Amino acid sequence: MKRTLIHDSATHIGREVRINGWVNATRRMGKMVFTDVRDISGVVQVVFTPENADVLERAQALRPEFVVEVVGMVNQRPEKLVKKDSPTGSLEILAKDLHILAESKTPPFEIIETSKEEPSEEVRYKYRYLDLRRQRKQRMIISRSKAIKFIRDFLHARGFTEVETPILAKSTPEGARDYLVPSRAFPGKFYALPQSPQQYKQLLMVAGLEKYFQIAPCFRDEDARSDRAPDQFYQLDLEMSFTSQDEILALTEELFTALIKELFPQKKIMTSPWPRLTHAEVMEKYGTDKPDLRKNKNDPDELAFCFVVDWPLFEQTKEDGHYAPAHHMFTAPKEADVPLLDSDPFKAKSWQHDVVLNGYEVGGGSIRITNPKIQEKIFELVGISKGDARTQFGHMLEAFEYGVPPHGGIAPGIDRLFMILFGESSVREVVAFPKTADNREIMTGSPSEVADQQLEDLHISTK
Ligand code: ASP
């Protein structure tokens, strides 16, 4: 017999079905056993009666989280026993057969959330597969998957091409510390995990792809904060040729407005179109470049988006006295401000744009530099010598000599956005297998030591 999802058993009243799932709870009452069985779609009560003595006997052994297969008749429950809060609450299954497919130890915390109290992060992450078995978490993972599908469909419908870029990439000074991967074949050389696919996506524009996106894993070796995953996070990375800042921002707004309407209909976007504020304005008015524009910060459904534009190209000097880009080295200065690069670089404004939501930066991007003279000037101001620019970014400079279209893009941080939409307090919660705040994965035990031979192969000795 084919399996029926518990939710669908409602369409099989008066017929026999086979269901599979986990035992939620089980009670003995008189000569009968009542067991709530749960699968991905719902929960239903299964009744074991003395008419099926050997099945009843097996049912006596059931305990929470056992995995079972039940064959039985779907019946309507008497009116006064209907559980109104469940779509299958008006049904029960009169068991004809039972197989215990797997037994379960008592879980380290309750899977059926009866109390509001959360187990500690340490325990939840060690047993993340049980943490995710809990309904709220399961819904979050499903909802994340739907949102990613929505984004993909939306962008495909607008002519974007999804491209996977390398995970083993080249180390470049892009802001954060790199994660390095030693090369076995080239002793003393290293790959770096990409902090973002920035250079690849720009090279895809040179390649003539015109509209690119990727749900891109990004790796930055930074200390964790609650709004930043310590090691790895996902960005919706996108880039367009022959575009403008206006077009990039309009697309971003349209995409997320549609996504929220479709998948989070209870959420309210406070102002549409999203306000576009200049950097100078937000700094003066709110004292931060991530203003929280919500009217009622206690309303979990309020979403206040805005764009911050007209950023200074440089915000600070680095320790070595050179200029530090407010965004990154490929962000274009405003055309009118190019002369300021020689006279007063701090005054130069750029084509950077940030998306801010409820006081969090949820994405950034820019129109890019495509003029080699300006790019060289920026490298110089940032303190990258001509020679270093050639070794580190030679591929970009060279590519731009072969007909580079004007281009720009943005990269909204998926995890941070979902943290806000799902009402989670940390970005760690919205990924399936997060690390702890101090960057360990407790479940598998990473980072871990490796065999001496592995180090030997990689020409590495540890201090
Ligand atoms: N790659 C940039 C970042 O990760 C975003 C962009 O400029 O598109 O911040």
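Asks: Where do I start with the site of the ligand in this structure?
Replies: Close to the ligand lie Ser196, Gln198, Lys201, Arg220, Gln235, His327, His328, Gly364, Gly365, Arg368, Ile410 and Ala411, which account for all nearby residues. Gln198 is positioned with one of its side-chain polar atoms (N or O) 2.6 Å from a nitrogen atom of the ligand. Arg220 is positioned with one of its side-chain polar atoms (N or O) 3.0 Å from an oxygen atom of the ligand. Across the complex, the protein chains shield 91% of the 270 Å² of accessible surface that the ligand would expose by itself. Of all elements in the fold, only helix H5 (198–206), strand E18 (360–367) and strand E19 (407–412) reach the threshold of two or more residues within the shell around the ligand. A per-class count over the shell around the ligand returns two nonpolar, seven polar and three charged.

Asks: Is there a simple way to explain the packing of H5 against helix H10 (residues 386–399) in this structure?
Replies: The description of two packed helices rests on the angle between their axes and on the distance between the axes. Packing of H5 against H10 brings their axes to within 10 Å, and their N-to-C directions diverge by 20°. Classified by the angle their axes make, H5 and H10 are roughly parallel. Both H5 and H10 take part in a crossing whose hand is left-handed. Here Gln199, Gln202, Leu203 and Val206 of H5 come into contact with H10, specifically with Phe393, His395, Met396 and Ala399. Taken together, the residues that form the contact of H5 with H10 break down as five nonpolar, three polar and no charged.

About the cut-offs
- Residues numbered from 1 in each chain as written.
- Predicted model: local features only at pLDDT ≥ 70, side-chain atom pairs only at ≥ 80, totals over all residues.
- Heavy atoms only, no water.
- Near = heavy atom within 4 Å.
- Polar contact = N/O pair within 3.5 Å; in protein donor to acceptor, adjacent residues only side chain to side chain.
- Areas by Shrake-Rupley, 256 points an atom, 1.4 Å probe, with all protein chains shown as cover.
- Helix = DSSP H or I, 4+ residues; strand = E, 2+ residues; numbered from the N terminus.
- Nonpolar A, V, L, I, M, F, W, Y, C, P; charged D, E, K, R; others polar.
- Axes fitted to C-alpha atoms, helices over the stretch in contact; angles between N-to-C directions.
- Parallel < 35°, antiparallel > 145°, perpendicular 65-115°, else oblique.
- Left-handed = near helix turned anticlockwise from the far one by under 90°.
- Contact = heavy atoms within 4.5 Å.

Remember, this is a structural readout, not a statement about activity or role.
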